[in-house]
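Each chain, letter by letter, is given below.
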Amino acid sequence: MSGTRPAATPPHDPRPLVGEPLCLDLLNTVWNHDGVRQDLLTDTEGLAVWLAANGLDTRFAADGPTLEHVLRARDALASVTDTPGDPAGIARVDEVLGHGRIRAILTGEGPGEEPEFEDPAWGAAWLAARDYLNLLTTAPDRIRGCAHDACVLHFFDTSRNGTRRWCSMAACGNRAKASRHYARSRES
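A. Spatial organisation of the state of the cysteines. Enumeration according to the criterion identifies 0 disulfides in this entry. No disulfide involves Cys-146; its sulfur sits 3.7 Å from the nearest other cysteine sulfur, which is in Cys-172. In this structure Cys-172 is not part of a disulfide, and its nearest cysteine sulfur, from Cys-167, lies 3.7 Å away.

B. How the structure looks around helix H5 (residues 123-138). Here H5 is 16 residues long and its end C-alpha atoms lie 22 Å apart, about the 22 Å a rise of 1.5 Å per residue gives. Of the positions making up H5, those classed as buried are Gly-123, Ala-124, Ala-125, Trp-126, Leu-127, Ala-128, Ala-129, Asp-131, Tyr-132 and Leu-135.

C. Representation of the environment of Ala-129 within the structure. Along the polypeptide, Ala-129 turns up in helix H5. The exposure class of Ala-129 is buried, given its relative accessible area of 2%. Taking the C-alpha atoms as reference, Ala-129 lies 7.0 Å from Val-96; in sequence the two are 33 residues apart. Non-local contacts of Ala-129, meaning those with residues more than four positions away in its chain, are made with Leu-77, Val-93, Val-96 and Leu-97.

D. Geometry of the packing of helix H2 (residues 44-53) against helix H3 (residues 64-82). Where H2 meets H3, the closest approach of the two axes is 10 Å, and the angle between their N-to-C directions is 70°. Between H2 and H3, the angle is such that the two are roughly perpendicular. By crossing handedness, the relation of H2 to H3 is classed as left-handed. In this structure, H2 uses Thr-44, Leu-47 and Trp-50 to contact H3, whose residues at the interface are Gly-64, Thr-66, Leu-67 and Val-70.

E. Local environment of the pattern of salt bridges. In total, this model carries 10 salt bridges according to the counting rule given. Glu-20 is the salt-bridge partner of Arg-164, the closest N and O atoms lying 4.0 Å from each other. Here Arg-164 is found in the loop between strand S6 (154-156) and helix H6 (169-187), whereas its partner Glu-20 is found in the segment before helix H1 (22-27), with 144 residues between them in sequence. Given a relative accessible area of 24%, Arg-164 falls into the partly exposed group. By relative accessible area, which is 12% here, Glu-20 ends up buried. Note that Arg-74 and Asp-39 form a salt bridge whose closest N and O atoms lie 2.8 Å from each other. You can see Arg-74 sitting in helix H3 and its partner Asp-39 sitting in strand S2 (residues 36-39), a full 35 residues away along the chain. By relative accessible area, Asp-39 is classed as partly exposed at 24%. Each of Arg-101, Arg-103, Glu-114 and Glu-116 takes part in one network of salt bridges that share partners.

F. Structural context of the pairing of strand S3 (residues 100-107). Where S3 meets strand S4 (residues 110-117), 8 bridges bridge the pair, whose relative direction is antiparallel. If you follow Arg-101 over to S4, its bridge partner there is Glu-116. Where S3 folds back onto S4 in an antiparallel hairpin, the turn is made up of 2 residues.

What counts, and at which threshold
- Residues numbered from 1 in each chain as written.
- Predicted model: local features only at pLDDT ≥ 70, side-chain atom pairs only at ≥ 80, totals over all residues.
- Heavy atoms only, no water.
- Disulfide = S-S within 2.5 Å.
- Helix = DSSP H or I, 4+ residues; strand = E, 2+ residues; numbered from the N terminus.
- Expected span 1.5 Å × (residues − 1).
- Buried < 20%, exposed > 50% of the residue type's maximum accessible area, 1.4 Å probe, protein only.
- Contact = heavy atoms within 4.5 Å.
- Axes fitted to C-alpha atoms, helices over the stretch in contact; angles between N-to-C directions.
- Parallel < 35°, antiparallel > 145°, perpendicular 65-115°, else oblique.
- Left-handed = near helix turned anticlockwise from the far one by under 90°.
- Salt bridge = Lys/Arg side-chain N within 4 Å of Asp/Glu carboxyl O.
- Pairing = 2+ DSSP bridges.

Shown next as structure tokens:
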């Protein structure tokens, strides 16, 4: 028998929307299920799930300090996405960004960049805040919150014409259609 260990099974991610850009995926660690607020980041086990879902589990520890910093970043990002231009939210994002920087490097393929952190426990939080800056540079008008009243999820609209309204057409979009249909049928 060889000395290799079988690959660990990734932990189950219970969130209804995954795969968004890192900053929005962090915001989506809070969601509503049957009218009850859910939060993936209540402990380091949930942090481990989020880190694994974003390919960060090999770079950063799922420990108390990392969880604390990720929660600070999530709160700051929620503030600026829900109220763009809010000076307090901007200051909170800037505070997170103050814990890292981009260092220019030369690789075998040419110029590159590498993030550096004063404390590795800030790494995941810093990367999420930096990702938000990248989305603002790319297409700030495509950063959206779901249009369903009971949904708190966020997404980056990659639709061709930029008119996506729902985190998921199968979930929130379908609920909205059903509500409109029900309202029309009651009027008749």
